[in-house]
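This is what each chain is made of:
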Amino acid sequence: MEECFLDKIERRTIYDLAFKPDGTQLIIAAGNRLLVYDTSDGTLIQPLKGHKDTVYCVAYAKDGKRFASGSADKSVIIWTSKLEGILKYTHNDSIQCVSYNPLTHQLASCSSGDFGLWSPEQKSVSKHKTSSRITCCSWTNDGQYLALGMFNGIVSIRNKNGDEKVKIERPGGSSSPVWSICWNPSSCASTGQPFQGRNFPNTQPKPSLAKLEAISSRCVPAPWEQSLTPLKDERNDILAVADWGQKLSFYHLSGKQIGKDRVLNFDPCCISYFTKGEYLLLGGSDRQVSLFTRDGVRLGTVGEQSSWVWTCKVKPDSNYVVIGCQDGTISFYQLIFSTVHGLYKDRYAYRDNMTDVIVQHLITEQKVRIKGRELVKKIAIYKNRLAIQMPEKILIYELYTDDSADMYYRVKEKIIKKFECNLLVVCSDHIILCQEKRLQCLSFSGVKEREWLMESLIRYIKVIGGPPGREGLLVGLKNGQILKIFVDNALAIVLLKQATAVRCLDMSASRSKLAVVDENDTCLVYDIHTKELLFQEPNANSVAWNTQCEDMLCFSGGGYLNIKASNFPVHQQKLQGFVVGYNGSKIFCLHVFSMSAVEVPQSAPMYQYLERKMFKEAYQIACLGVTDADWRELAMEALEGLEFETAKKAFTRVRDLRYLELISSIEDRKKHGENNQELFLADVYAYQGKFHEAAKLYKRSGRESLALEMYSDLRMFEHAKEFLGSGDPKDTKMLIKKQADWAKDIKEPKAAVEMYLSAGEHMKAIEISGNHGWVDMLIEIARKLDKAEREPLAKCAFYFKQLDNPGYAAETYMKVGDLKALVQLHVETHRWEEAFALSEKHPEFKDEVYVPYAQWLAESDRFEEAQKAFHKAGRQGEAVRVLEQLTHNAVLESRFSDAAYYYWMLSMQCLDIAQGQQAEMLQKFHHFQHLAEVYHVYHFIQRYTEEPFSFHLPETLFNISRFLLHSLTKETPLGISKVNTLLALAKQSKALGAYKLARHAYDKLQGLQIPDRFQKSVELGSLTIRSKPFHDSEELVPLCYRCSTNNPLLNNLGNVCINCRQPFVFSASSYEVLHLVEFYLEDGITDEEAVALIDLEAPRVSKRENKWQETMTDHVQSLKLDDSTDIIEDDDPFTAKLSFEQGGSAFVPVVVSRAVLRAMSRRDVLVKRWPRPLRWQYYRSLLPDASITMCPSCFQMFHTEDYELLILQHNCCPFCRRRIDESNQ
C-alpha cells in the first residue's frame, strides 16, 4: 500500500465523495460545499457553492456528463462535468443519498421520508413515501432495480418506476440500521471466478513484498475446496449490506441471503466495490478501511485514520482508494498486489483473489483452484507436495496419485502456527523457512529439526531434488556465495563464491555446471568440479538449464530470450518476462502475473552443430523440438555426410519413405561387403536431384551404366546422349526405346510411334497408333511389314476391325493367309455373301458361317430364315429351340394364330428330322399338329370373346366351339380358356336353337372360375336357357358320311362318329364335317402304286360319264361337277367297303384292294402326300357335287368357295401361310 496524497478540511466532515467515471476528477462533499480535485496530483480544482447546509451525498452519472449532490437543506442540485449547476429540486426532508441509474440519466434521491426519481425528459420528480428514513441506495448493473437501505433495518428493492418488488427484513430490525449497501458491479457470479489465471487490474508489480501480506485476518478459516471445472456464470445481481448491528451480509436480487452474516466488530459507515467487483472496501467506527474479498473474507487494512471513516471509494478501473473521515481528512492510497507463487518443473501455483490458490500444469494447460477463506501469504510446490502459508498456519497438500498428470490435491498436514519468513520451500517431508540470514528446516508436524545461519542475506533458494527426506537445496547469498545444503545435514557445502550478489541460480541436468545471474544482470556459467568460469553473457535477469539436454541453457533479459548451446554463439528472439524453466522445446515464462509455456524451436543450436558436422549432437537437439523443415535439413546433411544412422532417424521423423528405402538399400549393400563411399554418395546425389554430380561419381566409380540408367529414367535423353558420346550402338538403341517410352508417357504419341519404329519395336508402335485411331499409320505399318511377321500384322488387323475398317483388316488377313480369321471378320461385320462364298470354297468353315448367320437372323426376328440356316448348318436342335421359344412367346402374348403357325412349323421340322430318331420325332409331329389345329381354332374363339364385333357366322362359331370342346377332352394347352370356349358355345347354341347343348355349356360354366366381366352374362344366360325346350335343333345335328348316323351335338368320344368310330374330317374354315371318308391300302400296296392305280381310271358303266371336271395345279387339286342333274349311280366297289359290324367299340378302317383302287376315279380321291417316314393319307369324296380343296402344303381341307375367299383376303393359306402366286389363284 502506498499513500499518494493527503488533504484535510478543517471542521468539516467528509460524508461522501464520487469519482468521475474516467477517473480524472474527484468530487468531495465537505460541509456545505463540493470540492473538485484532480486525481493525478491531488490539487483542488474548484470548490462549488450551491447548498445552504451540509452536503450529505454526491453521485456521478455513468456517462460522466453530470453529477448530483444532496444536502441537509432538502435540495438536490444537478451539475455538469464543467462544474456548472443546471437544475435544482427539493424534498420535504434532508437528502440522505443520491444515485444515478448506470444506463440512463435517471436520478434517485432519497430523504428521511421519501425518495424521488427524476429524468431529464420528466417535467417533475416522481416521489414515493417510505415508512422509515432512507440511509443509502444503489442501482443494479442493468439499471432495472433500485435497492434502498432503511434506518429501521429493512432493505427495499424497487423497480425503476418506484414500485416495491422485494422487501428484505434484517434480523436486528430498527436496532441495526442499514447504513450502507452496494450492488456488485462485476459480470460474473460472486460464488467464484470462471476458472482461469487472471491478473489484477492496473496493478503495479513491485519486487518487494506488499504490506498486505503481513496483516492478520480475524475471519474464521473455512474448509478449503478445489475445483477443476469452470464455474457457470449466473445473473450477478448480488447486494452487499452493512448495518450497525456490526454485520456484513450478501443477498440475491430475489431477496435470498447468500451464506451467513459476517461479523465486523465495528459500525460500518461506507461500503464500496472495486470496479470489477473482486474486492470490497468497508470503513466506519474502527477508524480504518478494511479490504475484503467479494465473499466477505477480510484481507487487511488499507489505511488507518484518527477518526471515523464516513466514505471510501475506488478510482474507476484502478487500484487507487480514496477515504473521507469525520475530522475532514481525505486520504488517497494505491494498493499494490504482489505475486505470490511457486514453480517446480511443469507445475506452477499462484495466488488468486488473495485467498485462493490455482495450480496450473504448464504442459497440459489443466488448472485446479483450491479455495480458501484466509489470506494466502506464501506458496511452495515440489513434486507431489504443495505448501500454502496463511496468517496463522501452514497447510501441506499432496496429490491423490503418483500420476504425473494428476491435478487433485488433498490436505496432508496442518501446522497451526504463525511464522514470519521471507521465502518458503517445501520438500517431500519438510518445509524450509527462510528469514533473512536464517534457514530453518521443519517437519510437517511443525517441529524444527535443523537450522542454518548464513554469512549474508539469502537472496535465492531452490530445491534441486534428491531422495525423500534428503533433498538438496541450492542457496544464493547477497555476498556472492553459492551453497548446497542437504536437509538431513547440518553442514552447508560452499560450491563457489563470486564477487557479486546472486539473483538467480540453476544447475544443469547432470549437476556438473552451474548458471548464476548476479545483480549486474550478468549470466555466469561455472564448472562445479573445477570452479572454472566457462563463459558469461550480459543482459540476464533469470536463467534455466534444459532438463533434457546437458549443454543447453536459456536466459532472459532486456525483452529478449537467449538460447545458448555448448560454446556456440547465443541465439536471440524477442520474449517478455522471466524465464523460470526450460524443458525440451518448452520454455516456461512468467510475465507480470501469468505463467505460460512457450514452444521454442531449437533450430539455431541444431544448425550450429550441423555446421561442425556434429550430427549426433544435432540430432539430440532436434529431439527437443524443431520444425519439419529442420528435421529434413538434418536428415539431408547427415545423409551427405554418410552418417546413415542419424539420417535414418531423421527421415523416419519426417516420414520420408523414399530416402528410408535408399538408406536401407545402402545398408544392405554394406552388409554384403560393398564399401565404395563414392558410389553411396552418388546414389544420395541422384536422390537429391544433383544428377551431374552423381553422374561424375558413377563414372569415377566405373559404373557408367548406372549414370545412363539414371538419365533415362529421368527422361534427360540429351544429357544421356552427351554422357554416352559415340558409345555402343546397343546402348543407343536402348536409349531410343526409353525415349519413346517417355514420349508415350508425356502424351506425345506420334513422336513415340516414330521412335518405336526406328528402334524396331513394331508392336508398341501399332498399339499406340491403334489406341489413337490412326488408320493411315496402321496401313503404312502393315504394308511395310513382311508377311512372316504374323503377330504385328494380326495386331494391325485387330485394330482395323476395332476402328471399323474391315476392308483393310481383310487385306491384312489375306496377306498373312489366315482364312479362319477372314471368315470370322466377315461374320462379325455381317458380310454374309463374302462369308458364304468363302465357305463354298472351303467347306470346313461352313459351321463357322451358318451358325452365326442363323443367330443373327434370329436376333433380327427373321426366325423362318434362322430356322432354315440352323437346319442348313446341321443344328437341328437350335432350329427346334428357336421355334419352341417363338411359340411359347406367342401363347403368352395371346397371339394364338401365330402360335398355330409356329406349331405347324415345329411339326414339319420334327418330321424333317424324324429319320434319326423316328418314334420320338413322329410323336412330337402328331402332338404339334394337334396343337396347331387347336390354337388355330382358339384364335377365333378368343377374338369373339375379346373383341366387340365378330366376323364369323353363328354357325361357324358354333362348329368351331364344338370342334374345340371335343379336341380338349384329354388336356387343355397353355393359354386356352375353357370358359371362353363354353361361353361361345353357349351363346351360339342358344342363338341357333341347340338349347340342350346351351344348357349343358352353362352348367359346365358354373363349375369354372368366370371372370367378373362375364359373370353377369353367364348368370343371365343360365336363367333364360331354363325357359327354352330341352332339345337341340335337328338341322344342327352332324351326319357321319360313312355310316349315315346322326351324331349328337355333344360327343363324349370327341370328333369321331359314335357309331362307326370313323374320325370326322372338318373344313379348316367353317369347321363343318366334310363328306370325306379316309381309306387305307391293303398290305403290299405302295403309295406310288396306289396313285398309279387310281390314275388308271378303269371305265365303269355310269350315267354320269364325264360330268366331273378335274382341275390340277402345283398347289391345288379340285373336283367340280359340271351338271347338277341327279344321276343314279351304279354300284360302287368302295361303297361296299364302308359296311362294318354294328356295335363294335373298336374303329374298323376302310381298307381297299387294287381292284377297288382301279375302280376309283381320280376326281373323287384326295391324297395327303406326307414326306417320309409318314405314309400318305387317302380320302374319298362321297358327295361328288360338293367341291373340296386341299392345301398342298399343310394338307388342310376347305370348301372350295371358302378357300378361294381366304386366298383373296390373305394371299396365303390361313393355316400354314404358304404364299399363293397371282397366276395360280
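Residues numbered from 1 in each chain as written. Predicted model: local features only at pLDDT ≥ 70, side-chain atom pairs only at ≥ 80, totals over all residues. Heavy atoms only, no water.

Going by the annotation in an unreviewed UniProt entry, the name recorded for the chain is Intraflagellar transport protein 122 homolog, with Serinus canaria given as the source organism. Recorded in UniProt under Subcellular location (unreviewed entry), the annotation for the chain is "Cytoplasm, Cytoskeleton, Cilium basal body". (UniProt positions renumbered as here; feature names shortened; annotations may be inferred.)

A tally of helices and strands in the chain yields 30 helices and 64 strands. Per-residue burial over the chain gives 53% buried out of 1225 residues. Relative to all contacts within the chain whose residues are 6 or more apart in sequence, the contacts with residues 24 or more apart total 48%. (Helix = DSSP H or I, 4+ residues; strand = E, 2+ residues; numbered from the N terminus. Buried < 20%, exposed > 50% of the residue type's maximum accessible area, 1.4 Å probe, protein only. Contact = heavy atoms within 4.5 Å.)

Grouped together as the largest cluster of nonpolar side chains are 68 residues, with contacts concentrated most on Trp904, Tyr935, Leu1076 and Met1197. Not counting residues up to four positions away in its chain, the partners in contact with Met1197 are Val1065, Phe1066, Ser1067, Ala1068, Leu1074, Leu1076, Leu1166, Lys1168, Tyr1179, Ile1188, Thr1189 and Met1190. Listed in part, the 49 residues of the second largest apolar core include Ala380, Ala387, Val463 and Leu483. (Core = buried A, V, L, I, M, F, W, Y, C linked by side-chain atoms within 4.5 Å.)

Moving on: the sheet that holds strand S54 (residues 578-583). Hydrogen bonds between backbone atoms are what pair the strands of a sheet, whose relative direction is either parallel or antiparallel. Here three strands make up an open sheet; going across it, the order is S54-S55-S56 and the pairing antiparallel. At either end of the open sheet lies a strand with only one pairing partner, and these are S54 and strand S56 (594-599). The sheet shows a mean angle of 25 degrees between the axes of neighbouring strands, taken without regard to direction. With six bridges joining them, strand S55 (residues 586-591) and S56 adopt antiparallel strand pairing. Within S56, the position partnered with His591 by the bridge is Ser594. (Pairing = 2+ DSSP bridges. Axes fitted to C-alpha atoms, helices over the stretch in contact; angles between N-to-C directions.)

Close contact between helix H5 (residues 657-671) and helix H6 (residues 677-688) brings their axes to 11 Å; oriented N to C, the two are set at 170 degrees. Here H5 lies roughly antiparallel to H6, going by the angle between them. Contact residues: Arg658, Tyr659, Leu662, Ile666, Arg669 and Lys670 in H5; Leu679, Phe680, Asp683, Val684, Tyr687 and Gln688 in H6. In the contact of H5 with H6, the residues fall into seven nonpolar, one polar and four charged. (Parallel < 35°, antiparallel > 145°, perpendicular 65-115°, else oblique. Nonpolar A, V, L, I, M, F, W, Y, C, P; charged D, E, K, R; others polar.)

Before going further, it helps to examine the sheet that holds strand S3 (residues 25-30). An order of S2-S3-S4-S5 is seen for the four strands of this open sheet, with the pairing classed as antiparallel. Both edges of this open sheet fall to strand S2 (14-19) and strand S5 (44-49), since each of them pairs with a single strand only. Across the sheet, the mean angle separating the axes of adjacent strands is 20 degrees when strand polarity is ignored. In the sheet, S3 pairs with strand S4 (residues 33-38) via six bridges, with the strands oriented antiparallel. Each residue of the ladder has a partner; that of Gln25, found in S4, is Asp38.

In this section: a nonpolar patch on the surface. On the surface, Tyr1080, Phe1147 and Val1151 cluster together into a nonpolar patch covering about 220 Å² of accessible area. Mapped onto the elements, Val1151 comes out in strand S60 (residues 1150-1152). (Patch = residues over 30% accessible without salt bridge, like charges linked within 9 Å, V, L, I, M, F, W, Y side chains within 5 Å. Areas by Shrake-Rupley, 256 points an atom, 1.4 Å probe, with all protein chains shown as cover. Salt bridge = Lys/Arg side-chain N within 4 Å of Asp/Glu carboxyl O.)

Let us look at the side chain of Ser967. Structurally, Ser967 can be placed in helix H23 (residues 954-967). Taking relative accessible area as the criterion, Ser967 reaches 12% and is therefore assigned buried. Ignoring any residue separated from it by four or fewer positions in sequence, one finds Ser967 in contact with His930, Val934 and Asn1055.

In this section: unusual backbone geometry. Cis rather than trans, the peptide bond between Arg1172 and Pro1173 has omega equal to 5 degrees. Summarising the element assignment, Pro1173 is placed in the loop between strand S61 (1165-1168) and strand S62 (1177-1181). Phi is positive for Asp521, which is not a glycine, with a value near 60 degrees. Relative to the helices and strands, Asp521 is located in the loop between strand S47 (513-518) and strand S48 (523-527). Notably, Asn1211 is not glycine yet its phi reads approximately 60 degrees, a positive angle. Its place among the elements puts Asn1211 in the segment after helix H30 (1200-1210). On the basis of relative accessibility, which here comes to 21%, the residue Asn1211 falls in the partly exposed class.

Bringing the pairing of S62 into the picture now. Among the five residues that make up S62, four are buried, leaving the element largely enclosed by the rest of the structure. Relative to S62, strand S57 (residues 1076-1081) is paired through four bridges, and the arrangement is antiparallel. Within S62, the residue paired with Glu1078 across the bridge is Tyr1179. In terms of strand pairing, S61 meets S62 through four bridges, oriented antiparallel. When the bridges of S62 are listed, Leu1166 appears paired with Tyr1179.

Take the packing of aromatic side chains next. Tallying each qualifying case throughout the model produces 31 aromatic pairs. Consider the rings of Phe963 and Phe1066, whose centres lie 5.0 Å apart with planes at 70 degrees: the pair is edge-to-face. Residue Phe963 is found in helix H23, and its partner Phe1066 is found in the loop between helix H26 (1012-1024) and S57; the two are separated by 103 residues along the sequence. In this pair, the class of Phe963 matches that of Phe1066, namely buried. One aromatic cluster is present, formed by Tyr15, Tyr56, Phe151, Trp179, Trp244, Trp308 and Trp310 through successive ring pairs. Cation over ring: Lys315 sits above Tyr320, and NZ or CZ is 5.3 Å from the ring centre. For the cation-ring pair, Arg410 lies above Tyr400, with the distance from its terminal atom to the ring centre recorded as 5.0 Å. (Phe/Tyr/Trp six-rings, centres within 6.5 Å; stacked < 30°, edge-to-face > 60°. Lys NZ or Arg CZ within 6 Å of the ring centre and 35° of its normal.)

Within an α-helix, residues lying three or four positions from one another point in the same direction, as the helix has 3.6 residues per turn. Across the nine residues of helix H1 (residues 603-611), seven count as buried, placing the element largely inside the fold. Of the residues making up H1, those classed as buried are Ser603, Ala604, Pro605, Met606, Gln608, Tyr609 and Leu610. Looking at the packing, one finds that the buried side of H1 touches strand S51 (552-557), strand S52 (560-565), strand S53 (571-574), helix H2 (615-625) and helix H3 (628-640). Where H1 terminates, the next one or two residues include Lys613, which has phi positive at roughly 60 degrees.

Further remarks concern the side chain of Ser285. If you trace the backbone, Ser285 turns up in the loop between strand S24 (279-284) and strand S25 (288-293). Residue classification places Ser285 among the buried residues on the basis of a relative accessible area of 19%. There is a polar contact of 2.7 Å between the side chain of Ser285 and the backbone nitrogen of Asp267. (Polar contact = N/O pair within 3.5 Å; in protein donor to acceptor, adjacent residues only side chain to side chain.)

Take the pattern of salt bridges next. With the rule as written, the count across this model stands at 31 salt bridges. Where Lys313 meets Asp16, a salt bridge forms, and the shortest distance between an N and an O atom there is 3.5 Å. Placement of Lys313 in strand S27 (residues 309-314) and of Asp16 in strand S2 is noted, with a sequence separation of 297 residues between them. Judged by relative accessible area, Asp16 falls into the buried class, the value being 13%. Taking the shortest distance from any N to any O, the salt bridge between Arg1026 and Asp1003 comes out at 3.1 Å. Remark: Asp1003 occurs in helix H25 (residues 995-1006) and Arg1026 occurs in the loop between H26 and S57; sequence separation between them is 23 residues.

This part is about the pairing of strand S11 (residues 107-111). With respect to burial, S11 is a largely interior element, five of its five residues being buried. Burial along S11 is two-sided: Leu107, Ser109 and Ser111 and Ala108 and Cys110, pointing in opposite directions, are all buried. For strand S10 (residues 95-100) and S11, the ladder comprises five bridges, and the chain directions are antiparallel. What sits directly across from Ile95, in S11, is Ser111. Bridge count between S11 and strand S12 (residues 114-118): four bridges; the pairing is antiparallel.

This brings us to the packing of H3 against helix H4 (residues 644-653). For the pair H3 and H4, interaxial distance at closest approach is 8 Å and the crossing angle is 155 degrees. The orientation of H3 relative to H4 falls into the category roughly antiparallel. For the pair H3 and H4, the crossing hand works out as left-handed. Taking contact as the criterion, the partners of Trp631, Leu634, Ala635, Met636, Ala638 and Leu639 in H3 are, on H4, Phe644, Thr646, Ala647, Ala650, Phe651 and Arg653. Of the residues that constitute the contact of H3 with H4, the class distribution is 10 nonpolar, one polar and one charged. (Left-handed = near helix turned anticlockwise from the far one by under 90°.)

With that settled, the discussion passes to the confidence of the model for the chain. With 76% of its residues at a pLDDT of 70 or more, the chain shows a mean pLDDT of 79. Predicted confidence in the chain is weakest over strand S19 (residues 225-227), with a mean pLDDT of 43, and strongest over strand S6 (residues 55-60), with 96. Confidence drops under pLDDT 50 across residues 189-235; counting only partners more than four residues distant or on other chains, this segment forms 140 contacts. pLDDT under 50 marks residues 1124-1130. Its contacts with residues more than four places away, or in other chains, come to eight contacts. (pLDDT = per-residue confidence, 0-100.)

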